[in-house]
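Working through the structure, step by step
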Number of protein chains: 2
Amino acid sequence: MSIENAIERLEAMLGPRLSTAAAIREHHGRNETYYPVTPPDAVAFPETTEEVAAIVRLCAEERCPIVPWGVGTSLEGHALAFEGGLSLDMSRMDRILEVHEADMDAVVQPGVTRKRLNEELRATGLFFPVDPGADATLGGMAATRASGTNAVRYGTMRENVLALEAVLADGRVIRAGTRARKSSSGYDLKNLIVGSEGTLAVITELTVRLHGQPEAVSAATCAFETVGGAVNACIETIQSGIPVARIEFLDAASIAAFNDYAGFDLPVRPHLFLEFHGSEAGVAEQAARFGEIADEHGAQGFRWTSDAQERNRLWSARHNAYFAFKAQRPGARALTTDVCVPISRLAEAIEAAAADIAQSRLSGSILGHVGDGNFHVAYLLDPDSPEDLEEARRLTHRMNLNALALGGTVTGEHGVGRGKIPYMAAEHGEAWQVMAQIKRTLDPLNILNPGKVVQIN
Amino acid sequence: MSIENAIERLEAMLGPRLSTAAAIREHHGRNETYYPVTPPDAVAFPETTEEVAAIVRLCAEERCPIVPWGVGTSLEGHALAFEGGLSLDMSRMDRILEVHEADMDAVVQPGVTRKRLNEELRATGLFFPVDPGADATLGGMAATRASGTNAVRYGTMRENVLALEAVLADGRVIRAGTRARKSSSGYDLKNLIVGSEGTLAVITELTVRLHGQPEAVSAATCAFETVGGAVNACIETIQSGIPVARIEFLDAASIAAFNDYAGFDLPVRPHLFLEFHGSEAGVAEQAARFGEIADEHGAQGFRWTSDAQERNRLWSARHNAYFAFKAQRPGARALTTDVCVPISRLAEAIEAAAADIAQSRLSGSILGHVGDGNFHVAYLLDPDSPEDLEEARRLTHRMNLNALALGGTVTGEHGVGRGKIPYMAAEHGEAWQVMAQIKRTLDPLNILNPGKVVQIN
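This section reports on the structure supplied with the text. (Residues numbered from 1 in each chain as written. Chains lettered and ligands numbered in written order. Predicted model: local features only at pLDDT ≥ 70, side-chain atom pairs only at ≥ 80, totals over all residues. Heavy atoms only, no water.)

**Focus: the sheet that holds strand β15 (residues 299-305) of chain B**
Strand pairing in a sheet is mediated by backbone hydrogen bonds. Such pairs are either parallel or antiparallel. All names here are of chain B. For clarity, the threshold we go by: Following DSSP output, two strands are said to pair if at least two bridges run between them. Strands here mean DSSP runs of E at least two residues long; helices mean DSSP runs of H or I at least four residues long; both are numbered from the N terminus. Where helices are involved, their axes are fitted lines through C-alpha atoms of the stretch in contact, as for all axes, and angles between N-to-C directions lie from 0 to 180°. Any pair of residues with heavy atoms lying within 4.5 Å of one another is described as a contacting pair.
Read from one edge to the other, the open sheet built from 7 strands follows the order β15-β12-β14-β13-β17-β18-β16, with strand pairing classed as antiparallel. With one partner strand each, in any of the chains shown, β15 and β16 (333-340) form the two edges of the open sheet. Along the sheet, successive strands turn relative to each other by an average axial angle of 15 degrees, direction set aside. Where strand β13 (residues 246-250) and strand β14 (residues 271-278) come together, 5 bridges link them in antiparallel fashion. By the bridge assignment for β14, Leu 250 is matched with His 271. On top of the sheet, helix α9 (residues 227-239) reaches β12 (216-224), β13 and β14; it is set at about 165 degrees to β13, its chief contact. Set on the sheet, helix α10 (residues 252-262) makes contact with β13, β14 and β17 (364-369); between it and β17 the angle comes to about 95 degrees.

Printed below as a string of structure tokens:
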């Protein structure tokens with residue numbers, strides 16, 4: 001009973017679809033943030049649900065940890081095999097199984113990425129809205145309850161996964177949820193698995209909700225004199241019920257990086273980036289109403305476009321903000337974190353984070369999906385400097401505690417992984433123990449992504 | 001260790017707030033549908049979370065079943081103490097604790113009814129949308145994952161409960177969810193408890209999402225030649241992305257009952273009732289677009305009003321449809337059931353139910369929240385006729401199986417209670433066993449609403 005035995009048996013089962021090659025292992029040990037490369041002992045590439053179930057049963061017998069892997073874009077170490085074992089790479093389960101245009105849903109395998117799904121949907125008039133920036137897999141996005149720029153309008157993976165199939169830690173295959181738009185039939189296992197980060201089950205199929213492609217889309221950018229002005233304009237926009245599709249805050253540091261990286265010439269000040277979806281008249285009305293609110297909060301130039309190319313350039317740059325910021329200091333790594341607070345507390349949360357950065361030895365940038373009260377901070381680190389890492393951790397710690405003090409959560413969309421574990425007791429109290437009880441019930445051997453989300457003794 | 005001991009000890013703890021009076025017990029044994037009066041052994045009226053926790057701990061020691069009670073409007077026997085024990089009446093925990101206008105949420109105790117909350121909110125410009133018809137308590141609505149007429153626009157209790165406090169079967173008090181609009185922090189215990197029908201926890205506080213009162217509201221009624229015409233007009237309306245706030249189907253039998261009961265003179269044909277929310281121009285545009293779709297599906301008269309009194313009269317009558325239908329046969333009881341299917345299968349689901357009614361000895365009416373694919377059938381029974389009850393059960397059974405065959409669920413909004421237990425294995429397969437595992441973990445003594453949702457050996 002050992003990881004070695006498991007690998008030997010998996011090789012017999014999977015042939016070349018079980019790899020222990022150094023390059024493959026290293027690829028599955030990489031991550032976008034501050035964790036060192038943490039290779040698993042082996043990587044499996046299953047092709048069917050039955051194969052996933054067989055792998056899980058075998059690993060349970062051998063007590064071999066299993067860490068599901070999408071494309072590795074998670075930010076808190078979710079997909080790293082810190083305790084060794086198997087990386088379960090779902091990339092070969094990448095078929096779009098059914099598109100039900102009339103019901104506005106699609107059934108997909110977990111390895112399908114969101115961009116590929118949207119390419120396939122282009123001719124249907126439908127689209128899948130959840131957009132965390134990275135071209136993540138839908139399985140990974142469901143596992144981390146991902147959201148992103150347009151959750152303010154279309155919801156997160158919680159609202160956009162209607163049903164799923166998953167393999168439990170003992171190899172049982174279950175289905176949770178339904179293609180019907182609502183159900184009161186029993187406990188909500190679908191939402192228990194969405195956001196469980198591979199610790200309760202391996203997702204092997206998803207039914208996702210689709211939305212009608214908007215008749216018209218327009219984008220706007222608007223600079224503000226102060227952080228508070230931008231955030232308060234956002235708050236008032238949401239409270240006014242303007243159905244913005246995206247409303248993103250970027251601080252001056254983000255804008256500077258953004259100008260350098262993508263060749264823009266925006267004023268180096270706090271900005272809101274917006275997108276409006278609706279009819280031609282509707283998007284114009286939304287933009288006008290936003291413009292009035294922005295003016296009251298010290299807006300310094302409101303640019304508006306419904307040109308698709310210009311809009312895509314803008315949003316593609318926004319999506320690359322993280323890389324733009326990293327490019328400011330060659331060789332640097334970034335430590336990034338996200339919190340989410342009730343929107344009435346958003347200005348003070350962001351201002352506190354900005355003040356911390358201003359007093360720090362590190363440079364940092366703040367940006368976020370402020371329509372939800374969700375924002376991110378990224379700090380640039382010299383990877384060889386323990387002082388840098390320590391300082392970034394200190395600032396992150398303060399930001400997490402402040403989010404909790406303001407009635408918020410330590411992660412709006414990145415998830416817990418390993419990085420947010422230290423805050424779970426503070427955020428959830430006794431409920432964190434209940435999560436551990438559920439984990440022990442469904443995975444008594446603690447083989448599914450051990451060490452993430454909950455702590456099992 | 002007995003129910004008798006529990007009652008004796010609860011009397012000592014609660015004084016007059018523990019009742020064994022026949023009238024009180026009988027009141028807590030009544031229900032709106034076909035179950036006989038099933039009184040609990042006693043009724044407790046707690047006033048604080050601490051008191052609920054103390055009651056639960058005491059009942060756990062004495063193995064006394066606890067069945068939470070809101071106002072008793074559930075339709076599948078959820079709140080009946082079939083195994084005896086204590087009815088936990090939450091009506092004294094009826095305070096609205098906080099209204100956060102800027103964050104558009106409110107913190108309430110579980111005994112607050114939805115109408116009272118909306119009365120309190122009237123001056124704020126906000127409202128709580130979920131509307132199952134009955135003036136249920138918010139605790140009960142959360143426990144059953146209620147929805148109703150406007151879920152098509154505003155979501156169900158799943159989307160509209162942001163956070164909750166609950167007492168577990170061992171007396172621990174937990175909080176789940178957050179006032180932040182999104183979170184990826186750990187397992188979604190909030191949604192595990194919403195819809196668990198009092199079997200996993202007693203809800204003692206809720207944070208609910210509020211929405212802006214629409215600037216304009218208009219209502220419309222439209223008759224159709226055929227059931228299929230009405231349903232297909234609904235399907236096309238949803239697929240066109242018209243953001244209807246309500247879209248209700250009523251069959252000819254419902255309309256006839258409705259005319260008699262409420263003094264209307266609508267043509268005795270299948271109808272859609274609609275409500276539009278938006279700006280003045282927006283509701284007019286929505287109504288016009290719907291009118292065009294309706295015409296293509298054999299609409300026979302489209303009436304439209306933005307007069308508040310007329311609109312309220314219409315919807316109040318719609319909400320009383322169940323009572324109107326029962327009034328058609330004095331002394332009758334109604335057996336009512338609900339299913340939900342993917343909207344592309346809605347016409348065939350409703351037509352199959354209508355054909356069954358036409359061939360039956362019973363009269364029945366069909367109506368529903370068809371924008372979600374959700375509909376109800378009510379059959380009128382002579383309560384003293386075993387043949388009537390048997391026939392109603394046979395028809396309900398066929399309808400449930402058909403919903404599953406069409407990819408739907410055996411309950412869109414009524415919940416499982418006791419009535420839908422026989423279909424849980426067929427709908428959920430192995431996942432129903434997982435629900436039972438979770439129940440055993442969180443309530444190993446099976447004292448919280450035993451016999452509902454899951455089966456524990």
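**Some remarks on the packing of helix α14 (residues 346-358) of chain B against helix α15 (residues 386-405) of chain B**
Residues and elements named next belong to chain B. Just so we agree on the cut-off: Between 65 and 115 degrees an angle is taken as roughly perpendicular, under 35 as roughly parallel, over 145 as roughly antiparallel, and anywhere else as oblique. Handedness of a crossing is defined here by the sense of rotation of the near helix relative to the far one, left-handed for an anticlockwise turn of less than a right angle and right-handed for a clockwise turn.
Close contact between α14 and α15 brings their axes to 10 Å; oriented N to C, the two are set at 165 degrees. As far as their axial angle goes, α15 and α14 are roughly antiparallel. For the crossing formed where α14 meets α15, the hand is right-handed. Seen from α14, the contacting residues are Glu 348, Ala 349, Ala 352, Ala 353 and Asp 356; seen from α15, they are Leu 395, Arg 398, Met 399 and Asn 402.

**Comments concerning the interface of chain B and chain A**
Under the convention used in this document: We define buried area as the total accessible area lost by two parts upon association, computed with a 1.4 Å probe and summed across both. Any Lys or Arg side-chain nitrogen found within 4 Å of a carboxyl oxygen on Asp or Glu counts as a salt bridge. N or O atoms closer than or at 3.5 Å make up a polar contact, with two conditions inside protein: a donor-capable atom paired with an acceptor-capable one, and, for residues adjacent in sequence, both atoms drawn from side chains. Three residue categories are used. Nonpolar comprises Ala, Val, Leu, Ile, Met, Phe, Trp, Tyr, Cys and Pro, charged comprises Asp, Glu, Lys and Arg, and polar comprises the others, including Gly.
Contact with chain B, which involves 68 residues of that partner, is made by 69 residues of chain A. Broken down residue by residue, the surface that chain B buries against chain A is led by B:Lys182, B:Ser184 and B:Tyr187, which jointly contribute 18%. Taken together, the links from chain B to chain A amount to 8 salt bridges. Its salt-bridge partner being A:Glu413, residue B:Lys182 comes within 3.2 Å of it at the nearest N-O pair. Where chain B packs against chain A, one counts 45 residue pairs in polar contact (both at pLDDT 80 or more). It is helix α17 (residues 430-442) of chain B that contributes the most residues to the side of chain B that touches chain A, 10 residues altogether. Classifying every residue of the side of chain B that touches chain A by side-chain character gives 25 nonpolar, 28 polar and 15 charged.

**Some thoughts on the nonpolar core**
This is how the line gets drawn: Here, the term nonpolar core denotes a set of buried Ala, Val, Leu, Ile, Met, Phe, Trp, Tyr and Cys residues that are joined through side-chain atoms within 4.5 Å. The buried label goes to any residue with under 20% of its type's maximum accessible area, the exposed label to any with over 50%, and the partly exposed label to all in between, with areas taken from a 1.4 Å probe on protein chains only.
Among the nonpolar cores identified, the biggest contains 92 residues, and A:Leu117, A:Phe128, B:Leu117, B:Phe128 and B:Leu189 are the most heavily contacted of them. Contact partners of B:Phe128, with chain neighbours within four places excluded, come to B:Arg114, B:Leu117, B:Asn118, B:Leu121, B:Leu138, B:Met141, B:Met157, B:Asn160, B:Val208, B:Arg209 and B:Leu210.

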